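# Structural overview for review
Listed below, chain by chain, are the residues.
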Amino acid sequence: MAVEIPESDASPDPLLEVNSPTSKCVRFGADEALPLDSGSEIGPWQIAYETYGTLNADKSNAVLVCHALTGDQYVASTNPITGKPGWWSLMVGPGKPIDTDKYFVICSNVLGGCLGTTGPASINPETGKPYGLAMPVVTIRDMVRAQARLIDHLGIDTLFAVAGGSMGGMQVLQWAASFPERVFSAIPIAAGARHSSQNIAFHEVGRQAIMADPDWVGGDYFSKGVRPTKGLAVARMAAHITYMSDESLHRKFGRNLQERDSLTFGFDADFQIESYLRHQGMTFVDRFDANSYLYVTRAMDYFDLAKEFGTLSKAFKNTKTRFCIMSFTSDWLFPTSESRAVVKALNAAAANVSFVEVESDRGHDAFLLNVPEMFSTIRGFVTGAAAARGIPAPGGGD
């Protein structure tokens with residue numbers, strides 16, 4: 001039987017957060033094992049989540065927000081480890097396009113993550129030690145399957161909306177394909193229906209950086225009292241480059257030197273961009289588990305809705321879900337062509353779909369930033385969907 005674990009008031013620690021998160025958490029027993037695409041299952045297991053707003057009487061105003069690769073459940077509240085505001089607090093909150101005064105917003109840490117949902121850093125009940133690589137590999141569909149168990153636990157039959165960007169957008173598309181009757185509207189942003197070979201290549205560079213770190217020790221670093229922080233930092237640095245555009249990098253850093261007037265003719269961080277990437281890498285290792293990075297990047301690599309259903313249009317056959325697809329002009333990680341392929345498949349399935357390509361020079365990360373056209377588009381879409389659903393529209397409009 002699933003057991004709701006109260007929120008913890010213990011002082012946050014990255015390793016403690018893995019098994020005893022400060023957020024809400026549901027634990028499912030061994031008799032409620034989660035089947036996985038690999039043919040394995042995992043149980044007992046748990047899923048950590050946060051909620052915002054109030055569920056209405058007929059439970060018709062629930063919105064599930066899905067996080068990206070290195071995100072977490074703290075979509076609109078302070079992260080207990082970093083102390084930083086919610087990663088999408090520009091989008092989710094009172095009066096925002098996803099309005100917590102009107103909607104009951106749920107965001108969970110993904111399966112394979114490291115902030116309270118079962119992942120490779122979690123304790124393996126069979127050994128009493130962290131799973132490490134003994135945890136089965138998971139997929140985007142496995143993540144969605146776990147979220148569906150959470151939604152069941154909360155007593156919600158259908159979701160008013162499922163929204164997310166990047167890997168979160170992949171989860172949105174998987175939700176719409178796997179549980180079309182449970183998704184009234186879907187908002188996948190800066191995403192695609194499969195991971196491209198180029199994206200897989202970038203992920204492999206990151207994984208190899210982690211596994212080349214001598215402190216990785218075959219994924220068993222916890223028992224050795226070490227962590228592969230250098231390899232994980234390099235993986236983060238490589239990935240972070242893909243989240244930005246050439247224009248945004250040039251505007252922010254150009255070829256400016258870092259706290260010096262001339263080149264050192266050495267290998268210290270001469271340029272501001274070098275210092276920035278090193279900072280990004282080293283702060284990342286304080287909040288993320290290296291093995292989780294391997295697992296979650298692998299889940300993205302395996303994602304391919306067309307392969308799962310035969311063709312992409314078949315993934316959305318007879319769907320009643322309303323879709324809002326969004327891309328950004330400078331996003332080369334998930335270019336607009338990826339979104340157009342989804343739109344074409346939805347049109348072939350006679351789905352209700354709107355598509356917007358947002359002009360932005362801020363790259364893939366634009367979905368996390370202050371991009372007014374994105375907010376106005378989503379507010380408009382949510383307003384229309386709310387009218388069709390018979391629930392209030394988001395407040396706080398211009």
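Below is a summary of the structure that appears in this document. (Residues numbered from 1 in each chain as written. Predicted model: local features only at pLDDT ≥ 70, side-chain atom pairs only at ≥ 80, totals over all residues. Heavy atoms only, no water.)

## Points about the environment of Ala-62
Among the structural elements, Ala-62 can be located in strand 6 (residues 62–66). For the pair Ala-62 and Ser-292, spaced 230 residues apart in sequence, the C-alpha to C-alpha distance is 28 Å. Residue contacts for Ala-62: discarding those within four places in its chain leaves Leu-55, Phe-104, Ile-106, Ile-156, Leu-159, Phe-160 and Ala-161. (Helix = DSSP H or I, 4+ residues; strand = E, 2+ residues; numbered from the N terminus. Contact = heavy atoms within 4.5 Å.)

## A look at the packing of aromatic side chains
Under the defined criterion, the tally for this structure stands at 12 aromatic pairs. Their ring planes at 10° and their centres at 4.4 Å tell us that Phe-28 and Trp-45 sit as a pair that is stacked. Taken as a pair, Phe-28 in strand 2 (residues 24–28) and Trp-45 in strand 5 (residues 45–52) lie far apart in primary sequence, 17 residues in all. Here Phe-28 falls in the buried class, since its relative accessible area comes to 5%. When its relative accessible area of 2% is taken as the criterion, Trp-45 is described as buried. The interplanar angle of 50° and the centroid separation of 5.1 Å between the aromatic rings of Trp-175 and Phe-179 together place this pair among those described as tilted. The exposure class of Trp-175 is buried, given its relative accessible area of 0%. Ring pairing ties together the aromatic residues Trp-87, Trp-88 and Phe-367, which thus form one cluster. It is Arg-236 that lies over the ring of Phe-284; its NZ or CZ is 4.7 Å from the centre. (Phe/Tyr/Trp six-rings, centres within 6.5 Å; stacked < 30°, edge-to-face > 60°. Buried < 20%, exposed > 50% of the residue type's maximum accessible area, 1.4 Å probe, protein only. Lys NZ or Arg CZ within 6 Å of the ring centre and 35° of its normal.)

## Some points on helix 4 (residues 197–212)
In this model, helix 4 (16 residues) spans 22 Å end to end at C-alpha, consistent with the 22 Å of a helix rising 1.5 Å per residue. Those residues of helix 4 that fall on the buried side of the exposure criterion are Asn-199, His-203, Gly-206, Arg-207, Ala-209 and Ile-210. With its buried residues spanning 155° around the axis, helix 4 presents them on a single face. Exposed side of helix 4, more than 90 degrees from the buried face: Ser-197, Val-205 and Ala-212 are the residues found there. Considering only its buried residues, helix 4 is in contact with helix 6 (229–243) and helix 9 (290–302). (Expected span 1.5 Å × (residues − 1). Arc of directions from axis to C-beta.)

## Quick word on the environment of Gly-169
Mapping Gly-169 onto the fold places it in helix 3 (residues 167–178). You can call Gly-169 buried: its relative accessible area is 0%. Spatially, the C-alpha atom of Gly-169 lies 5.2 Å from that of Ala-191, the residues being 22 residues apart in sequence. Residue contacts for Gly-169: discarding those within four places in its chain leaves Gly-164, Pro-188, Ile-189 and Ala-191.

## Details of a nonpolar patch on the surface
A grouping of Phe-202, Ile-241 and Trp-332 is seen on the molecular surface, where their side chains present a nonpolar patch of about 240 Å² in accessible area. Assignment of secondary structure puts Trp-332 in the loop between strand 14 (322–328) and helix 12 (336–348). (Patch = residues over 30% accessible without salt bridge, like charges linked within 9 Å, V, L, I, M, F, W, Y side chains within 5 Å. Areas by Shrake-Rupley, 256 points an atom, 1.4 Å probe, with all protein chains shown as cover. Salt bridge = Lys/Arg side-chain N within 4 Å of Asp/Glu carboxyl O.)

## A word on the nonpolar core
Residues Ile-106, Trp-175, Tyr-293 and Phe-316 are the most contacted members of the largest nonpolar core, which totals 74 residues. Apart from residues no more than four positions distant in its own chain, Ile-106 is found in contact with Tyr-49, Glu-50, Thr-51, Ala-62, Val-63, Leu-64, Val-65, Leu-150, Ile-151, Leu-154 and Ile-156. If you look at the next biggest cluster of nonpolar residues, it comprises 35 residues, including Val-75, Tyr-103, Ala-163 and Ile-187. (Core = buried A, V, L, I, M, F, W, Y, C linked by side-chain atoms within 4.5 Å.)

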